[in-house]
Each structure stands twice: as structure tokens, then as C-alpha cells.
Amino acid sequence: YSVGSQQLALTVATQTCLRLADCEEAAVRERCARLLLTIAKWTPLLDSPASLQQLIDWQRDAPATATSLLDISDFDTEGDPVGSVLYLAVCHCPSLAKTWSRLAGWAYRWGRKATDHVLIAADKEAIDALIPDGISNNTVYSILADTTPPIDDEDIEAENTNASDMIECQLKALGTFSSEQLAGLVDMWRKSHSRTYNFYQLSAHSYFRYLQLCDSPQEDSQAITATLRLLRLIVKHAQELQSVLEVGLSTTPTR
């Protein structure tokens, strides 16, 4: 790679990881995980070799990395091979702090993108089929895309109203919907937001794991980044990420 043969370097690296994929020796698994982190860094810059797709296919059958915080064995990488490679690095060596930091950063960036585009084209097509005549599609999109549904401060029962009930109330205020239409729209809201917050859940979980594992002075700047991003998630999305945040805060030592 350093002498200009970047494409060849990526091919050799992915083929090496494929050969080492089933090795159970701890030192080899750590070396393989570090090589996977390098592959993840090179991948966006180069054409993907066939061996990279083989590696990603192998990743789909990789053993799940379950921890006390969250089972991350089922998440959508949105077609981004970098996410698949980083997940594979975590599977290979879950005790290596750097793998968790890189996976957390990737998931955090995708979470930011997802919150900017909560409803994708397929969502809007399904929503259009559920909107009665005379009601603005864009207004419905706006309600379903809102990641922080408003609560009426004057409603004494507001604290007992869950988010899906609030969405339904806002839709009813627009006009007459059938019960099937309302149920379908609320379900679309639930699915789109679940997709959005899956990335932030993965990011928070991974940052907590990183903070639990890192103990090297040269990792201080990364630890600061992890802490600041976790604080942002707590401030902006505490309700949606409550389960992950509660467990992470209770199990991560303070320094």
C-alpha cells in the first residue's frame, strides 16, 4: 500500500483475513481484527475486490458477539461494507478496545444521517397509500419524521402518554382516518424510527464497551470523543436509548 499498490494491498489483506477467519488462537484473532480495521479504512477509497464480498458474506454467518449490554448480531449496515468489516473485527476480538471505538464511530455517523432522513422513499410510498383524500401528504410526512413528538404541557396526563399515542393524536387532528389507516401510519412511524435509533443504540453500546476496555494514555483523545458523543446521545435521545444508556452507565467505571 505504501508504495502505491493500494488495490493489491486491499486484495491481499482481505484474502489474508479470509484465511485466518476460522482460527481460534487469541493472538491471531487480534492480529486479524487489526487487519480488518485497516481494511475498513482503505475500503471507501478503493474498488472492492471479490475477496471483500467473500469476507462480508462470511461475516453474515459469523458468531454473534453478545455482551451484557446489547446483542449486536442483527443490524443493517445500509449496504456500507465498512460497517460489515468493523462488525467482523469486533466479532474476531471483542477484547480489543479499538474495534469498539471504530464501530461506534461508524454507527454514530450513520445515526446522524438516519435522523436527517427518517423517511426513505419506500416509506413515503407506503404512507401515501394510507392517507385519505384532502389531507396533505407532506404534513403527514412531517409528523411521522419528527424524532421528538411534542407533549402538551397543559395536558395533565401527558406524562402517561406514550409516543405512538401522541403520533395518533396529531394525525387525528388533520382529519378523518380509519382505524386501519391510523394503525398503518403509526406502524410506519415505529418502523422508521426503529431503523433510525438502531444506529444510535449500536453506537452507544459500542462506546460504553470501548470506555470499559481502554486504559492506554494514547487513547485519551478517543475516550474524550466517546464521552462527548455519549453525552450528546443522553441529552438528545435519552428516552429512545433508555435501556442501553441505563445499563451502560451502571456498568462503565468512572475515571
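Look above for the structure.
Residues numbered from 1 in each chain as written. Predicted model: local features only at pLDDT ≥ 70, side-chain atom pairs only at ≥ 80, totals over all residues. Heavy atoms only, no water.

(A) Highlighting the packing of aromatic side chains. On inspection of all chains with the given rule, the structure shows five aromatic pairs. Between Tyr 108 and Tyr 200 the ring centres are 5.9 Å apart and the planes differ by 55°, which places this aromatic pair in the tilted class. Taken together, the positions of Tyr 108 in helix H5 (residues 97–116) and Tyr 200 in helix H9 (residues 179–213) put the pair 92 residues apart, joining distant regions of the chain. Note on Tyr 108: relative accessible area 5%, which makes it buried. Classification of Tyr 200 as buried rests on a relative accessible area of 0%. Seen from their ring centres, Tyr 197 and Tyr 200 are 6.4 Å apart, and the 45° between their planes marks the pair as tilted. With Tyr 197 and Tyr 200 both in helix H9 and three residues apart, this pair spans about one turn of that helix. Note on Tyr 197: relative accessible area 6%, which makes it buried. (Phe/Tyr/Trp six-rings, centres within 6.5 Å; stacked < 30°, edge-to-face > 60°. Helix = DSSP H or I, 4+ residues; strand = E, 2+ residues; numbered from the N terminus. Buried < 20%, exposed > 50% of the residue type's maximum accessible area, 1.4 Å probe, protein only.)

(B) Region of interest: the packing of H9 against helix H11 (residues 242–251). Where H9 contacts H11, the axes come no closer than 10 Å and their chain directions differ by 5°. Considering their axes alone, H9 and H11 lie roughly parallel with respect to each other. For the pair H9 and H11, the contacting residues are Gln 201, Ala 204, His 205, Phe 208 and Gln 212 in the first and Val 244, Leu 245, Gly 248, Leu 249 and Thr 251 in the second. When its residues are assigned to classes, the contact of H9 with H11 shows five nonpolar, five polar and no charged. (Axes fitted to C-alpha atoms, helices over the stretch in contact; angles between N-to-C directions. Parallel < 35°, antiparallel > 145°, perpendicular 65-115°, else oblique. Contact = heavy atoms within 4.5 Å. Nonpolar A, V, L, I, M, F, W, Y, C, P; charged D, E, K, R; others polar.)

(C) Expanded view of the nonpolar core. In this structure, Leu 36, Ile 39, Leu 55, Leu 86, Trp 106 and Tyr 210 are the most contacted members of the largest nonpolar core, which totals 46 residues. Every element with two or more residues in this core is listed here: helix H1 (6–20), helix H2 (26–42), helix H3 (50–60), helix H4 (81–92), H5, H9, helix H10 (220–237) and H11. The two domains that each donate at least three residues to this core are domain 1 (1–95) and domain 2 (117–254). Those residues in contact with Leu 36 that lie beyond four places of it in its chain are Cys 17, Leu 55, Val 85, Leu 88, Ala 89 and His 92. (Core = buried A, V, L, I, M, F, W, Y, C linked by side-chain atoms within 4.5 Å. Domains from an automatic or database assignment.)

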